[in-house]
Amino acid sequence: SQKIEQNSEALNIQEGKTATLTCNYTNYSPAYLQWYRQDPGRGPVFLLLIRENEKEKRKERLKVTFDTTLKQSLFHITASQPADSATYLCALPYTGFQKLVFGTGTRLLVSP
Amino acid sequence: GAGVSQSPRYKVAKRGQDVALRCDPISGHVSLFWYQQALGQGPEFLTYFQNEAQLDKSGLPSDRFFAERPEGSVSTLKIQRTQQEDSAVYLCASTPGITPQETQYFGPGTRLLVL
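Residues numbered from 1 in each chain as written. Chains lettered and ligands numbered in written order. Predicted model: local features only at pLDDT ≥ 70, side-chain atom pairs only at ≥ 80, totals over all residues. Heavy atoms only, no water.

Chemist: Go over the overall build of chain A, please, and point to the residues and values.
Modeler: Counting its secondary structure elements, chain A contains zero helices and 11 strands. Listing the helices and strands of chain A from first to last along the sequence gives β-β-β-β-β-β-β-β-β-β-β. The C-alpha radius of gyration computed for chain A amounts to 13 Å, which stays within 12% of the reference 13 Å derived for 112 residues, consistent with globular compactness. Seen along its three principal axes, the alpha-carbon backbone of chain A occupies a region of about 45 × 30 × 20 Å. Within the span of chain A, comprising 112 residues, buried residues form 43% of the whole. Counting contacts in chain A only where the partners sit at least 6 residues apart, residues at least 24 apart contribute 54% of the total. Carbon and sulfur atoms provide 47% of the accessible area of chain A, an area that totals close to 5700 Å². Counting 14 positive and 10 negative side-chain charges, chain A places the centres of these two groups 3 Å from one another. (Helix = DSSP H or I, 4+ residues; strand = E, 2+ residues; numbered from the N terminus. Rg over C-alpha atoms; globule rule 2.2 N^0.38 Å. Buried < 20%, exposed > 50% of the residue type's maximum accessible area, 1.4 Å probe, protein only. Contact = heavy atoms within 4.5 Å. Areas by Shrake-Rupley, 256 points an atom, 1.4 Å probe, with all protein chains shown as cover. Lys, Arg positive; Asp, Glu negative; His and termini not counted. Charge placed at Lys NZ, Arg CZ, Asp CG, Glu CD.)

Chemist: Provide a residue-level description of the interface of chain B and chain A, including the pertinent values.
Modeler: Contact with chain B, which involves 24 residues of that partner, is made by 19 residues of chain A. The largest contributions to the chain B side of the interface with chain A come from B:Pro100, B:Gln101 and B:Phe106, which together make up 31% of the buried area. Between chain B and chain A we count one salt bridge in total. A salt bridge links A:Lys99 to B:Asp56; the nearest nitrogen and oxygen atoms lie 3.6 Å apart. Inspection of the region where chain B meets chain A yields four residue pairs in polar contact (both at pLDDT 80 or more). Mapped onto the side of chain B that touches chain A, the elements with two or more residues apiece are β4 (31–37) and β5 (44–50) of chain B. Among the elements that line the side of chain B that touches chain A, the one with the most residues is β4(B), at four residues. Residues belonging to the side of chain B that touches chain A are distributed by class as follows: 10 nonpolar, 11 polar and three charged. (Buried area = accessible area lost by both parts, 1.4 Å probe. Salt bridge = Lys/Arg side-chain N within 4 Å of Asp/Glu carboxyl O. Polar contact = N/O pair within 3.5 Å; in protein donor to acceptor, adjacent residues only side chain to side chain. Nonpolar A, V, L, I, M, F, W, Y, C, P; charged D, E, K, R; others polar.)

Chemist: Residue-level account of the pattern of salt bridges, with values.
Modeler: With the rule as written, the count across this model stands at 10 salt bridges over all chains. For B:Arg64, the salt bridge is made with B:Asp86, and the minimal N-O distance between the two is 2.8 Å. In this pair, B:Arg64 sits in the loop between β6 (53–56) and β7 (65–68) while B:Asp86 sits in the loop between β8 (75–79) and β9 (88–95), placing the two residues 22 residues apart along the sequence. This pair shows no difference in class: B:Arg64 is buried, exactly as B:Asp86 is. Between B:Glu68 and B:Lys78 there is a salt bridge; the shortest N-O distance is 3.4 Å. With a gap of 10 residues between them, B:Glu68 in strand β7 and B:Lys78 in strand β8 connect regions that are remote in the sequence. Put simply, A:Glu56, A:Arg58 and A:Lys63 are held in one network by salt bridges that share partners.

Chemist: With reference to specific residues and values, describe the sheet that holds β7(B).
Modeler: All names here are of chain B. Here four strands make up an open sheet; going across it, the order is β1-β3-β8-β7 and the pairing antiparallel. Edge positions in the open sheet fall to β1 (5–7) and β7, since each of these has one partner strand only. On average, each strand axis in the sheet is tilted by 15 degrees relative to the strand beside it, whichever way the strands run. Both β7 and β8 contribute to a ladder of four bridges, which runs antiparallel. Of the residues in β8, the one forming a bridge with Phe65 is Ile79. (Pairing = 2+ DSSP bridges. Axes fitted to C-alpha atoms, helices over the stretch in contact; angles between N-to-C directions.)

The following block contains the structure:
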């Protein structure tokens, strides 16, 4: 069955460092992958979409890579700030359908 | 409106009660999704509407769950005879069209607690 794995343990880093979050998937051949941010008590907010023919995508301090051979996406936040503290979710389209399948999310804590 | 809104934000129900959760998508958005999010987990798909048509309800966990969008805008998720395992956050999302790659815009969710 299709499965998405994100590190369930929180990632603690110091302000100014680069945070790297991992999303691994199995039994998928997704045409794209999305990353969302979720703050406590709020719904997820879209950050970036990367397509299967794109190796890397950037938006301000965010960078996403997509390796379809390794079946992995990496999400980087450079020059991290305490305001970046949140849970980050990766999501893949369920093959042939409109719906998204989400990973469990990784909580990022950026300390001043 | 400016974004997706959901009501109520919090709902406490006694086991066996029926509940109705409302979603107001962004005006003009064609597609509407419902997700269930358990504590510490990612959102899990429940059902999908394209306008008023419910095209996918494969994620509804049982026949106690029912969703509708009769006029293609506001949607209601109804849970009959609630059970403790129904306790979760219920998220609604909408997209402007029907293209799978579109960004999903989420509401703040309704936190349901069944006692």
